[in-house]
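# Summary of the model geometry
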Amino acid sequence: MSDKEKAQRAGVNGEITLGDVKNEKKIRRKELTSKGEEKLAYWTLVLPGFLIYFAVMAFPTLFSFILSISNYYRGGQLFGPKAVDFKLVGFGSYAKVFQDEYFYVALKNNFKIVLISVFGQIPLGFILAYILNRGLVKFTGFFQTVIYLPCVISTVVIGILFKSFFSPTGAWPEVIRIFNPAYQPTVNANPMASVLLVILWMYTGTYLLIFIANLQKIDSSIIEAAKIDGASEFQALRYIILPALSGVIVTSAILAISGSLKSFDLIYVMTGGGPANRTTVLSIFMYDKAFKGAPNYALANAISTIMVIISFLLIGLTKLAEKKFGGKE
Amino acid sequence: MANIQDTKSTSVIIGKIVVYIILGIFTFLALYPICWLLINSFKTTQEFQLNKLGLPGKIDGYESTLINYKDAWVRGKFGGLILNSIFYTVVSVAFIIMFSFMCGFAFAKLQSKATFALYGSFTIGLLMTLQCIMVPLFLMANWTGLLDTRLGVLIPYIGIGLPMGVYLATEYIRSIPTALIESARIDGAKFFRIFAQIILPMCTPLAVTIAILSVTGTWNEFMLINILTSTPTLKSLPVGIQAFAGALSSDYGKQFAALVIGLLPMLAFYLVFHKEITKGVAAGAVKG
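Predicted model only: the values in this text are computed from it and were never measured.

A tally of helices and strands in chain B yields 13 helices and zero strands. Counting from the amino terminus, helix and strand elements in chain B follow one another as α-α-α-α-α-α-α-α-α-α-α-α-α. Within chain B, the fraction of its 288 residues that count as buried is 52%. Residue pairs in contact within chain B that sit at least 24 positions apart in sequence constitute 72% of those at least 6 positions apart. Within the structure as shown, chain B displays about 13100 Å² of accessible surface, and the carbon and sulfur contribution to it stands at 69%.

Residues and elements named next belong to chain A. Applying the stated criterion to the full structure yields seven salt bridges over all chains. R177 is the partner of E174 in a salt bridge, and the nearest nitrogen-oxygen pair spans 3.2 Å. Taken together, the positions of E174 and R177, both in helix α7 (residues 172-179) and three residues apart, correspond to about one turn of that helix. For E174, a relative accessible area of 26% gives the class partly exposed. The class for R177 is partly exposed, based on a relative accessible area of 28%. For the salt bridge of D288 with K292, the shortest nitrogen-to-oxygen distance reads 3.8 Å. Note on K292: relative accessible area 52%, which makes it exposed.

This part covers the interface of chain B and chain A. Taken together, the contact pairs 92 residues of chain B with 93 residues of chain A. For the pair chain B and chain A, the summed buried area comes to about 8300 Å², and 77% of that belongs to carbon and sulfur atoms. On inspection of chain B and its partner chain A, the count reaches one salt bridge. Note that R185(B) and E37(A) form a salt bridge whose closest N and O atoms lie 3.1 Å from each other.

All names here are of chain A. In the structure shown here, the tally under the stated rule is two cavities of 30 Å³ or more. Of the pockets and cavities examined, the second largest cavity occupies roughly 40 Å³. What lines the second largest cavity is L107, N110, F111, V114, L261, L282, I310 and L314. Here the lining of the second largest cavity gets four residues from one element, more than from any other, and that element is helix α4 (residues 101-133). Grouping the amino acids of the lining of the second largest cavity by side-chain chemistry returns seven nonpolar, one polar and no charged.

The next subject is the side chain of N110(A). Locating N110(A) in the fold gives a position in helix α4. When near neighbours in sequence (up to four residues on either side) are disregarded, N110(A) contacts S260(A), L261(A), S263(A), V281(A) and L282(A).

In this section: the packing of aromatic side chains. All names here are of chain A. Throughout the structure, instances matching the rule amount to 49 aromatic pairs over all chains. Both rings, one in F162 and one in W201, keep their centres 5.0 Å apart while their planes meet at 70 degrees; by these two values the pair is edge-to-face. Taken together, the positions of F162 in helix α6 (residues 155-166) and W201 in helix α8 (residues 191-215) put the pair 39 residues apart, joining distant regions of the chain. With respect to class, F162 is no different from W201; both count as buried.

Attention shifts here to helix α5 (residues 140-152) of chain A. Residue and element names in this part refer to chain A. For α5, spanning 13 residues, the distance from its first C-alpha to its last is 19 Å, which sits close to the expected 18 Å at 1.5 Å a residue. In the structure, α5 departs most strongly from a straight axis at V146, where the bend amounts to approximately 25 degrees and where the proline P150 lies between one and four residues downstream. For α5, the set of buried residues is F143, Q144, T145, V146, I147, Y148, L149, P150, C151 and V152.

Attention now moves to a nonpolar patch on the surface. Residues and elements named next belong to chain B. Judged by side-chain polarity, I13, I17, I21, I25, F28 and L29 come together as a nonpolar surface patch covering roughly 580 Å² of accessible area. Positionally, I25 belongs in helix α1 (residues 2-40). For I25, a relative accessible area of 47% puts it in the partly exposed group.

For the rest of this paragraph, the subject is the confidence of the model for chain B. A residue-level look at chain B finds 95% of positions with pLDDT of 70 or above and a mean pLDDT of 86. Confidence scores differ between elements of chain B, with helix α2 (residues 45-50) of chain B showing the lowest mean pLDDT of 79 and helix α4 (residues 78-109) of chain B the highest of 94.

This paragraph deals with the packing of helix α3 (residues 67-76) of chain B against α4(B). All names here are of chain B. Put simply, α3 and α4 touch, their axes get as near as 6 Å, and they point 65 degrees apart. Comparing their axes, α4 and α3 come out roughly perpendicular. Residues A72, W73 and G76 of α3 form the contact with α4, whose participating residues are F78, G79, L81 and I82. Tallied by class, the residues present in the contact of α3 with α4 amount to five nonpolar, two polar and no charged.

Criteria and thresholds
Residues numbered from 1 in each chain as written. Chains lettered and ligands numbered in written order. Predicted model: local features only at pLDDT ≥ 70, side-chain atom pairs only at ≥ 80, totals over all residues. Heavy atoms only, no water. Helix = DSSP H or I, 4+ residues; strand = E, 2+ residues; numbered from the N terminus. Buried < 20%, exposed > 50% of the residue type's maximum accessible area, 1.4 Å probe, protein only. Contact = heavy atoms within 4.5 Å. Areas by Shrake-Rupley, 256 points an atom, 1.4 Å probe, with all protein chains shown as cover. Salt bridge = Lys/Arg side-chain N within 4 Å of Asp/Glu carboxyl O. Buried area = accessible area lost by both parts, 1.4 Å probe. 1 Å grid on protein atoms, 1.4 Å probe; cavity = no way out; pocket = protein on both sides within 12 Å on 5 of 7 lines; lining within 4 Å. Points joined across faces, edges and corners; volume = space filled by probe spheres on them. Nonpolar A, V, L, I, M, F, W, Y, C, P; charged D, E, K, R; others polar. Phe/Tyr/Trp six-rings, centres within 6.5 Å; stacked < 30°, edge-to-face > 60°. Expected span 1.5 Å × (residues − 1). Bend = angle between axes of the 7 residues up to and from the residue. Patch = residues over 30% accessible without salt bridge, like charges linked within 9 Å, V, L, I, M, F, W, Y side chains within 5 Å. pLDDT = per-residue confidence, 0-100. Axes fitted to C-alpha atoms, helices over the stretch in contact; angles between N-to-C directions. Parallel < 35°, antiparallel > 145°, perpendicular 65-115°, else oblique.

Structure representation (structure tokens):
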């Protein structure tokens, strides 16, 4: 044994109690750092994403409400030397919105879009998905791909395409003339109808995909067993497939409702809300108040707050309807 | 007995015919407007006025032409706009995926009392209507000097894509067995290492789903970039198409060519990834 080793041993032996204490401290510190490390890891991982999300979505939604009850009509700096005199003035902007006749036109059009989404897109999507899933046809993948195609194309392209297609100098009058040679193009009597048609055309594919994915989850042996017991195709649909899909139908309805209120791009490009504001919807109405002519930001934010409230009311109603009529899951 | 089988098979055949007719009609309706656009983009505006539904070259003195594409491409400056769109899409999708997995791992596998509130606020974001943040975002961008900058477009795009990404990532990482992480902890691995070396490699399929969902959304986004930028060189392809083609209300030839240019990138993307896209949409939608 060398001197060095001896010295080390002595040292270790001599400090045996002290070493124990140190060890204990080390263990405790390790536990602490483990907790601390978890905390540190948690916040480093969460914060970048959450801060951006908060700044871009959560905060503006709350801020929109504050602006809607303020006197911030014309814009300008909130802070600094050139700051405007910012005050909360109450719900006057809301009263103004409710007095505006175009608000009701927009509201009505929005509800038409909600209706065509819930009672047009969803049933059509379901029927198509059902046909494709029951294995009655070949080329399932092809049909699925083609019917979903309109959903991936830029709304801008679709909007301008149909604007030209339905225009009096476009192709629509020619198509009508195939069936009715005496047809003369006039000013579009019901501009909202063409918008609704395009919306139906664009989004049915989404619900087709949702329903197909969920139909595939249903155990086909249950349906086969029911068939052997003498159930018709319709009975299998009514008593096995539809109840199994009730949750998906509610989800789709919620998607359709929140999607309906999003219908800005298409209408902005296709009609701009015109002619004479007849195809306006709440989002276009709000856009006009904020960015067309003299801005009124408080008013625009009042409209957007009303939109949030309507959207959550409708979603709440859908959930209620699910509890009352479905809920067999 | 034979009779019963006969009627059964005829009814099956009739049913099949009906089903094919229904699907045929829908296929036709889905494709017709796009084919109509494509066909007419090869006609000059004069020829289109004479022949709105037929193939090009059917009328004497006219033949199919590429002049519309040449004119539209040069005058609309679509080359730069396509590069802009690629830039916005690639950068924001990369950040969406990264932040989604970071948040998803923390929410799914790390203990914190904050998860309930933070994750909850992300799921509310799934139902938020984007139009409602349009005006505040515009004002905020204006105050911070981010209006009309590339960063001012990217930040909202990332934030808007996050709720869907975080939701999918959290649910996905939750289904990864915690035992994997615990055993790595016992071996002394730090959380960051676990995240980088265990979780991330397992999440590749989900990264594809999130990428596909956010690529279509970001590429086609129009409303925000339309109000957040004013310099033409900062705009994206859809905005450029709207500015160019929307203004040409009577020059149909160039308008149709511009629309085809606007349609092609997503069409190509869809044709290549249609399997992943159709799967991803269903995964992204089931979130109620």
